[in-house]
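# Survey of secondary and tertiary structure
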Amino acid sequence: MDAARRTVRVTVNGESHEKEVEPRLLLSDFIRHEAGLTGTHVGCEHGVCGACTVLLEGAPVRSCLMFAVQAEGASIETVESLADGDALHPLQEAFRREHGLQCGYCTPGILMTLKPFLAANPEPTEAEIRQALSGNLCRCTGYQQIVAAVRRAAAMLRAEAP
Amino acid sequence: MTTRLIGAPVARREDARLLTGRARFIDDIALPGMLHAAVLRSPHAKARFTRVDAGAALALPGVHAVLTHEDLGPANAPMPLLNDNPGFIHPRMHRALAPGQVRFVGEAVALVVADSRYLAEDALDLIEVDYAPETPAVDLVAAAEEGAPLVHDDTDSNVACRTVDASGDIERAFAEADFVLREELRPERGAAQPMEARGVVARYDQSLASLTVWDTTQAPVSARGVIADKLGMPEAALTVIAPDVGGGFGVKIMLVYAEEVLVPFAARLLGRPVKWIEDRREHFVGSNHERLMVHRIEVAATGDGRILGIRDRFLYDSGAYCPYGPINAECAQAILPGPYMIPAVHSEFLAVYTNTPIVSPYRGAGQPHGNFVTEMAMNHVARALGLDAAEIRRRNLVRPEDCPWDTERIFQGNTPFIHRDSDYPAQLETALEALDYAGVRRGQPAEREQGIHRGAGLAFFVEGTGIPPYEGVEVRVEPTGHVHVATGYPSQGQGHHTTLAQIVAETLGVAPEMVVVESGRSDRFAWGVGTFASRAAVVGGNAALGAANAVRARALELASEELEAAAEDLEMANGAVHVKGAPQMAVTLAALAQAANPINTLAAGSEPGLRAADYFRSSDVAIASGVHGAVVVVDAATGMVEIERYVVVHDCGVMINPTIVDGQILGGTAQGIGGAFYEKLRFDEAGQPLVTTFMDYLIPTAMEIPPIEIHHMESRCSLNPLGVKGVGEGGVIPAAAAFCGAVEDALAPFGARVRAHPLDPPAILAMIEGRTAP
Ligand code: FES
Ligand code: FES
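Note that this is a predicted model, so its numbers are computed, not measured.

### Some details on the sheet that holds strand β28 (residues 622–634) of chain B
Residues and elements named next belong to chain B.
- Strand order in the open sheet formed by four strands is β20-β28-β29-β30, with mixed pairing between adjacent strands. Only two strands of the sheet have a single partner each, and these edge strands are β20 (453–465) and β30 (709–712). Looking at each pair of strands side by side, their axes are set apart by 15° on average, direction ignored.
- Note that β20 and β28 share 13 bridges and pair antiparallel.

The structure is reproduced here in structure tokens:
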């Protein structure tokens, strides 16, 4: 119980964080309570709901299924990295316009799942979008307005691309 | 001209914070010196204990307190009974901590407060309780029988409440019937499972002897009353705030859960802020459940398919206590005739204690159950009489020319249930056309020859919305020109801030950006009941309109003095009052607010400020209504079901914000589909829950929920000035019946009848093979 603390150094949204933590500390708890970035949410802590999704070296991971010490030296992106000041990221803007969120609890995990998805697949079909979303549970929306938001975001991102 | 905002698909003001990670949910609250709590929960469905040994737990460095029932004193008195019922025999409410006897797996036994949640959970493992397990009553049907093990030893039976609700002459209905359907229908146990579980944070201010409680409740004002009572404090010394809440759907209102007393109690005792956050596995047992009922019905019909009467005797699983009263059973009873003109209805329920978690409303509160019974009965009578499912409905609907049609049934809040302001036959025809129902029927014979099992299901719903007693809203124009809107009821994602701002901005002719909305804080507006039963838009929305209209009248009065013009010659736009046709002759609302709060004299009899509060008192349920239609294809080899089409015809009266309305319908329908095919809570004979993770409780993903087509029929509600009916539950109520109806239609060649949900592939295969479902 009184496990020896370990030092973890990670970069979150471009900022480096160095903390002494218990080895059992979940990465999700590190991000939320040590780094103070509470935009990443926790819905199940057993790897099903996807609310805790962040990007680790650019790839989506469930931060509730990792210990913070396992992320040593890694670069992490959270939902707080998406907007540029007050200017929303196209994904965020699309969710706002299509009513892709209600309570917004699942939303950060969904946005972080979609960012690399749309980068890899700029013109997804509806089936591909639903497949991409299938690891994220949302209890409020029934997903339809989320799917519409993804389609809109894809179009916005394509229009932006050089 | 004032800009029309009511009815516009305005983008939500809530979203920017939520999208950027700047929202503040309960677990995002961090206070200096804050401690963390964890709850020791009973591992037994029924046991006695005499000793809770916390010695080892307290010895753990960083553990500040372990509370058991003995430490609580009067704070551990039983919780209040929220909804009484004349049929109560043995109302029994839970306490914050079990006093020597536990009655379900998950019941709170002790609270640990420590430096971190991790440490608090370590300490839970060190607490020793000398449980002596006893035989529990788990199965609902068995628990209702004489001689069953008692959940509460001081009673002589597990029946908590027995209530009869009757209208019309039921004997005559059966005497005149050409055909009687008899069957048992059983919606299974499920749960709301919002993505955010519950949580409470409390801070005690020693200087002021006051408490601030952040609580994921759907009813902060009402929760404040219960917490103040339990803690022996004046309500005035207690502020309850619902922060951003990650979904509610009913489970976040109980008045109150154990932790809503324990956490403030610990914060006051220790003089430090305390946080408790429920994890998901806890939520599966520590928060309430819903849905399980067993209905035994008899339906009397004429040979041409007119329903003469329904007799329903049903069992309602109350769980181990009944703090909410048998409200789900009452709503199921009230909703039984649906939109149909059924001359006689006789229903009787027994609310039964079992050694399982407490049952309270989940979205729809018993209406999905009553709906399932009636709609499946419609299908089954139709099949027996050789009628189409659409035709039997057509023959029984209440028509506009029959309205107002008093069902003689009493709904939640003691309100009459009277049909008006809807056109059910038109809804049916719209659904049939949208679904291409005739096309499905035409295709079936050939498809069946090829082994394709496609079927269509229909389910009507009527939903009691906007229930009593009231909500209130205060509207106040600041001297800055901003308009402050405050109400007591909170949001869990419904976008109330956006819709309230639409109503107030339009009424006062100000830009929506100038409207500041605050809700769900007892320190901002301390009157109100809460967000449930699809009531916020109806009751709160009309209170906002009333308050804004009063402010408008006052502003016109003040401006008419200022501008020396008659009030009728004035209009409001762009944050000012101006003379019609002469926009330069204007005075801003900001200036009027300033003038209404003078620094020299305030005229006798007048009140300071440009402000008003209004309360919308509801005395009658606004009935929202509609039809769901589904087309499914069943794979006879695997028992899997593909939903090809899903159509919702929906009438919630005037839509304040159609995009938000769509969101409510889509989300509710998805929950209904989840309940129809995926989600089920199970227990073993010892009362151990077998489903405590999302690996076992299958919330549908984007792959399972089909695209849903919505057709709005916007018929104005005559009961309130906005003309709205509620929209929160129409998605969920008929979804199970529509889905199950489509499945049994697809499997009609096998003589399939669905009598329970959720269906699952084994149940479907059993129907195909002509066995009774496992
Ligand atoms: S919280 Fe990590 S997957 Fe649910
Ligand atoms: S918006 Fe509430 S869970 Fe997705």
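Okay, back to it.
### What to know about the domain arrangement of chain A
Residues and elements named next belong to chain A.
- In terms of domains, chain A is made up of domain 1 (6–81) and domain 2 (90–160).
- One C-alpha centre belongs to domain 1, the other to domain 2; they are set 22 Å apart.
- Residue-level contacts link 18 residues of domain 1 with 13 residues of domain 2.
- Summing both partners gives a buried area of about 1100 Å² for domain 1 against domain 2, and 60% of it is carried by carbon and sulfur.
- The interface formed by domain 1 and domain 2 holds one salt bridge in total.
- K115 is paired through a salt bridge with E77; the nearest N and O atoms lie 3.0 Å apart.
- Put simply, domain 1 and domain 2 have six residue pairs in polar contact (both at pLDDT 80 or more) between them.
- Looking at the side of domain 1 that touches domain 2, the elements that each hand over two or more residues are β3 (53–56) and β4 (59–62).
- The greatest single-element share of the side of domain 1 that touches domain 2, amounting to three residues, is contributed by β3.
- Taken together, the residues of the side of domain 1 that touches domain 2 break down into eight nonpolar, eight polar and two charged.

### As for the interface of chain A and chain B
- Taken together, the contact pairs 47 residues of chain A with 53 residues of chain B.
- Interface area, chain A with chain B, both sides summed: about 4200 Å², of which 60% is carbon and sulfur.
- Between chain A and chain B we count four salt bridges in total.
- With a shortest N-O distance of 2.8 Å, A:R32 and B:D28 are connected by a salt bridge.
- Across the chain A-chain B interface, the total number found is 22 residue pairs in polar contact (both at pLDDT 80 or more).
- Listing elements by their share of the side of chain A that touches chain B, those giving two or more residues are α1 (27–34), α2 (90–97), α3 (107–120), α4 (126–133) and α5 (144–160) of chain A.

### Some details on the packing of α4(A) against α5(A)
Residue and element names in this part refer to chain A.
- In contact at an axis separation of 10 Å, α4 and α5 are set at 115° when each is read in the N-to-C sense. As judged from the angle between their axes, α4 and α5 are roughly perpendicular. Read as a crossing pair, α4 and α5 show a hand that is right-handed. Judged by residue contacts, E126, I129, R130 and L133 of α4 engage Q144, I146, V147, V150 and R151 from α5.
- Within the contact of α4 with α5, the residues separate by chemical class into five nonpolar, one polar and three charged.

### Some details on α4(A)
Residue and element names in this part refer to chain A.
- Of the residues making up α4, those classed as buried are I129, R130, A132 and L133. All buried residues of α4 fall inside an arc of 160° around its axis, so they share one side.
- Where α4 is buried, its residues touch α3 and α5.

### Looking at empty space enclosed by the protein
Residues and elements named next belong to chain B.
- Summed over the entire model, instances satisfying the criterion amount to nine cavities of 30 Å³ or more.
- Volume-wise, the largest cavity comes out at about 590 Å³.
- Lining of the largest cavity is provided by 40 residues; of these, Q494, T531, S534, Q664 and G728 occupy positions nearest its centre.
- At the level of secondary structure, the elements contributing two or more residues to the lining of the largest cavity comprise α15 (496–508), α16 (536–563) and α18 (658–677).
- Per-element accounting of the lining of the largest cavity gives the leading share, three residues, to α18.

### Notes on the sheet that holds strand β5 (residues 101–102) of chain B
Residue and element names in this part refer to chain B.
- Pairing in this open sheet of three strands is antiparallel, and the strands run β5-β2-β8 from one edge to the other. At either margin of the open sheet sits one strand with a lone partner, and together these are β5 and β8 (132–133).
- Relative to β8, strand β2 (residues 47–48) runs antiparallel, the two being bridged by two bridges. Bridged to R48 within β8 is A132.

### Remarks on the nonpolar core
- Judged by nonpolar contacts, the single largest core of 210 residues is most densely connected at A:F95, B:I307, B:Y646, B:F739, B:V743, B:L759 and B:I764.
- The dominant element in this core, judged by the number of residues it contributes, is helix α19 (residues 735–746) of chain B, at nine residues.
- Every residue in contact with B:V743, bar those within four places of it in the chain, is listed here: B:V632, B:V634, B:V641, B:L759, B:I764 and B:M767.

### Some words on the pairing of β28(B)
Residues and elements named next belong to chain B.
- β28 sits mainly inside the fold: 13 of its 13 residues count as buried.
- Where burial is concerned, the two faces of β28 agree: the one with A622, A624, G626, H628, A630, V632 and V634 and the one with I623, S625, V627, G629, V631 and V633 are both buried.
- Looking at chain direction, β28 and strand β29 (residues 641–651) are connected through 10 bridges and run antiparallel. Across the sheet, residue H628 finds its bridge partner in β29, namely V648.
- Taken together, β28 and the strand that follows it, β29, pair antiparallel across an intervening segment of six residues, in which G639 is found at a positive phi of about 80°.

### A word on the domain arrangement of chain B
Residues and elements named next belong to chain B.
- Taken as a whole, chain B is organised into domain 1 (31–82 + 94–133 + 194–286), domain 2 (415–461 + 623–774) and domain 3 (468–617).
- One C-alpha centre belongs to domain 1, the other to domain 3, and the line joining them spans 39 Å.
- Summed over both sides, the interface between domain 1 and domain 3 buries roughly 1100 Å², with carbon and sulfur atoms accounting for 54% of that surface.
- Three residues stand out in domain 1 for area buried against domain 3, namely Q218, V221 and I241, and they jointly supply 40% of the buried area on that side.
- Seen at the junction of domain 1 and domain 3, the total is zero salt bridges.
- Elements with a contribution of two residues or more to the side of domain 1 that touches domain 3: α7 (220–231) and β13 (238–241).
- Residue composition of the side of domain 1 that touches domain 3, by class: nine nonpolar, six polar and one charged.

### Description of the side chain of B:R535
Residues and elements named next belong to chain B.
- In this structure, R535 sits in the loop between β23 (515–519) and α16.
- Taking relative accessible area as the criterion, R535 reaches 1% and is therefore assigned buried.
- In terms of polar contacts, R535 uses its side chain to reach the backbone carbonyl oxygen of Y470, at 3.2 Å.
- What R535 contacts, discounting residues up to four positions off in sequence, is G466, I467, P468, P469, Y470, E471, V529, G530 and G540.

### A closer look at the packing of aromatic side chains
Residues and elements named next belong to chain B.
- Taken as a whole, this structure holds 13 aromatic pairs over all chains when the rule is applied.
- When the ring of F314 is compared with that of F349, the centres are 5.6 Å apart and the planes differ by 40°; the resulting orientation is tilted. With F314 in strand β16 (residues 307–319) and F349 in strand β17 (residues 344–353), this residue pair connects regions lying 35 residues apart in the sequence. A single burial state applies to F314 and to F349, both of which are buried.
- Through a chain of ring-to-ring contacts, the aromatic side chains of F284, F694 and Y697 assemble into a single cluster.
- Above the face of the Y257 ring, R198 is positioned so that its terminal group lies 3.5 Å from the ring centre.
- The ring of F174 carries the charged tip of R311 above its face, separated from the ring centre by 4.4 Å.

Definitions and cut-offs
Residues numbered from 1 in each chain as written. Chains lettered and ligands numbered in written order. Predicted model: local features only at pLDDT ≥ 70, side-chain atom pairs only at ≥ 80, totals over all residues. Heavy atoms only, no water. Pairing = 2+ DSSP bridges. Helix = DSSP H or I, 4+ residues; strand = E, 2+ residues; numbered from the N terminus. Axes fitted to C-alpha atoms, helices over the stretch in contact; angles between N-to-C directions. Domains from an automatic or database assignment. Contact = heavy atoms within 4.5 Å. Buried area = accessible area lost by both parts, 1.4 Å probe. Salt bridge = Lys/Arg side-chain N within 4 Å of Asp/Glu carboxyl O. Polar contact = N/O pair within 3.5 Å; in protein donor to acceptor, adjacent residues only side chain to side chain. Nonpolar A, V, L, I, M, F, W, Y, C, P; charged D, E, K, R; others polar. Parallel < 35°, antiparallel > 145°, perpendicular 65-115°, else oblique. Left-handed = near helix turned anticlockwise from the far one by under 90°. Buried < 20%, exposed > 50% of the residue type's maximum accessible area, 1.4 Å probe, protein only. Arc of directions from axis to C-beta. 1 Å grid on protein atoms, 1.4 Å probe; cavity = no way out; pocket = protein on both sides within 12 Å on 5 of 7 lines; lining within 4 Å. Points joined across faces, edges and corners; volume = space filled by probe spheres on them. Core = buried A, V, L, I, M, F, W, Y, C linked by side-chain atoms within 4.5 Å. Phe/Tyr/Trp six-rings, centres within 6.5 Å; stacked < 30°, edge-to-face > 60°. Lys NZ or Arg CZ within 6 Å of the ring centre and 35° of its normal.

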